[in-house]
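Observations on chain architecture
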Amino acid sequence: MQRAPILITGAARRAGLHCAERLLDEGQPIIISYRTEREAVQRLRQRGAIALQADFASDQGVLDFIDALKASTDRLRAIVHNASDWMAEPCAPDPNTLHSMMQVHVAAPYLINLHCADLLGHGGPADIVHLSDDVTRVGSARHIAYAASKAALDNLTLSFAKRFAPGIKVNAIAPALLEFQPDDGQSYRREALAKSALGIAPGFEVLYQTLRYLLDNPYITGAILPLNGGRHLI
Ligand SMILES: NC(=O)C1=CN([C@@H]2O[C@H](COP(=O)(O)OP(=O)(O)OC[C@H]3O[C@@H](n4cnc5c(N)ncnc54)[C@H](OP(=O)(O)O)[C@@H]3O)[C@@H](O)[C@H]2O)C=CC1
Ligand SMILES: Nc1nc2c(c(=O)[nH]1)N=C([C@H](O)[C@@H](O)CO)CN2
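Residues numbered from 1 in each chain as written. Chains lettered and ligands numbered in written order. Predicted model: local features only at pLDDT ≥ 70, side-chain atom pairs only at ≥ 80, totals over all residues. Heavy atoms only, no water.

- The name given to the chain in an unreviewed UniProt entry is Dihydromonapterin reductase, with the source organism recorded as Stutzerimonas tarimensis.
- Word for word, the UniProt comment on the chain under Sequence similarities (unreviewed entry) is "Belongs to the short-chain dehydrogenases/reductases (SDR) family. FolM subfamily."
- UniProt's Function (unreviewed entry) comment on the chain is quoted here verbatim: "Catalyzes the reduction of dihydromonapterin to tetrahydromonapterin. Also has lower activity with dihydrofolate." (UniProt positions renumbered as here; feature names shortened; annotations may be inferred.)

So this is what it looks like as structure tokens:
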């Protein structure tokens, strides 16, 4: 019998795409959500992935995605909430900044978990993984709403771990800098690397290794795993 697919949201680029490709490399069926059609989405389709377009900017967008997901599968091995927007505060205070961050990082995982938990488990291992951020530990002067929304996501991790045990493990991964954006300048790169004890931008494979660890370990739930190069030591 075909293995139940793993859902990764926001997997059209960078970390989500890397994890999607690595799971496919291991013969694991996947379903992705993507907001913007990109060449990489077509590449995933060609490798057998189911790709569902979704914009989580509204509750209706999330609910439409849930309907499309349930029309495409009746079971899931895991749900990885990766979709995210790294929004900085605009010059002029804008309430939409906070609402947008809470929508994508809190409302979307909240609704998807509640509506789709019944697709998980069925006797085998089942996981929900939230992509958080090390910044919840210290806050952020420039990404206030973003950091607050990721902190709320951390609390969802604890609540859903309580609610879904023992059938479904619920954990979070809290990375710090994994990979720069192409347009990040040299001074920003130097400044960011100096914030951690290990001083590297490791790339997305370390995130996949951490996801793999959670999927393979039957005795971890309610955990928020730091993946931060020792930023807490600086
Ligand atoms: N990269 C890093 O160094 C770090 C990453 N993280 C976390 O790891 C995860 C992956 O990071 P990374 O790959 O860099 O993230 P990116 O910002 O590069 O990609 C996020 C993905 O989410 C999608 N997305 C954004 N907004 C929405 C929305 N409203 N509805 C649906 N999809 C949406 C984007 O779609 P589109 O392609 O249309 O833009 C994009 O594909 C994120 O949760 C991030 O917060 C945490 C700390 C460090
Ligand atoms: N959705 C995203 N979230 C975050 C990103 C990103 O590119 N997309 N990048 C970071 C930074 O790497 C930050 O960790 C550097 O200190 C944080 N979150």
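**So, the site of ligand 1**
- What surrounds ligand 1 is a group of 26 residues, the closest being R14, T36, R38, F56 and L178.
- Residue D55 places a side-chain N or O atom 3.1 Å away from a nitrogen atom belonging to ligand 1.
- At 2.8 Å, a backbone N or O of L178 approaches an oxygen atom of ligand 1.
- Protein contact buries 93% of the 900 Å² of open area that ligand 1 shows by itself.
- Class assignment of the residues belonging to the shell around ligand 1 gives a composition of 13 nonpolar, five polar and eight charged. (Near = heavy atom within 4 Å. Polar contact = N/O pair within 3.5 Å; in protein donor to acceptor, adjacent residues only side chain to side chain. Areas by Shrake-Rupley, 256 points an atom, 1.4 Å probe, with all protein chains shown as cover. Nonpolar A, V, L, I, M, F, W, Y, C, P; charged D, E, K, R; others polar.)

**A closer look at the pairing of strand β2 (residues 30-34)**
- Counting buried residues in β2 gives five out of five residues, a clear majority hidden from the surface.
- The side-chain alternation of β2 yields two buried faces, one formed by I30, I32 and Y34 and the other by I31 and S33.
- Sheet analysis places strand β1 (residues 6-8) next to β2, joined by three bridges and oriented parallel. If you follow L7 over to β2, its bridge partner there is I31.
- In this fold, β1 hands off to helix α1 (residues 14-25), which returns the chain to β2; that crossover is right-handed.
- With four bridges joining them, β2 and strand β3 (residues 50-53) adopt parallel strand pairing. (Buried < 20%, exposed > 50% of the residue type's maximum accessible area, 1.4 Å probe, protein only. Helix = DSSP H or I, 4+ residues; strand = E, 2+ residues; numbered from the N terminus. Pairing = 2+ DSSP bridges. Right-handed = clockwise from strand over helix to strand, strands pointing away.)

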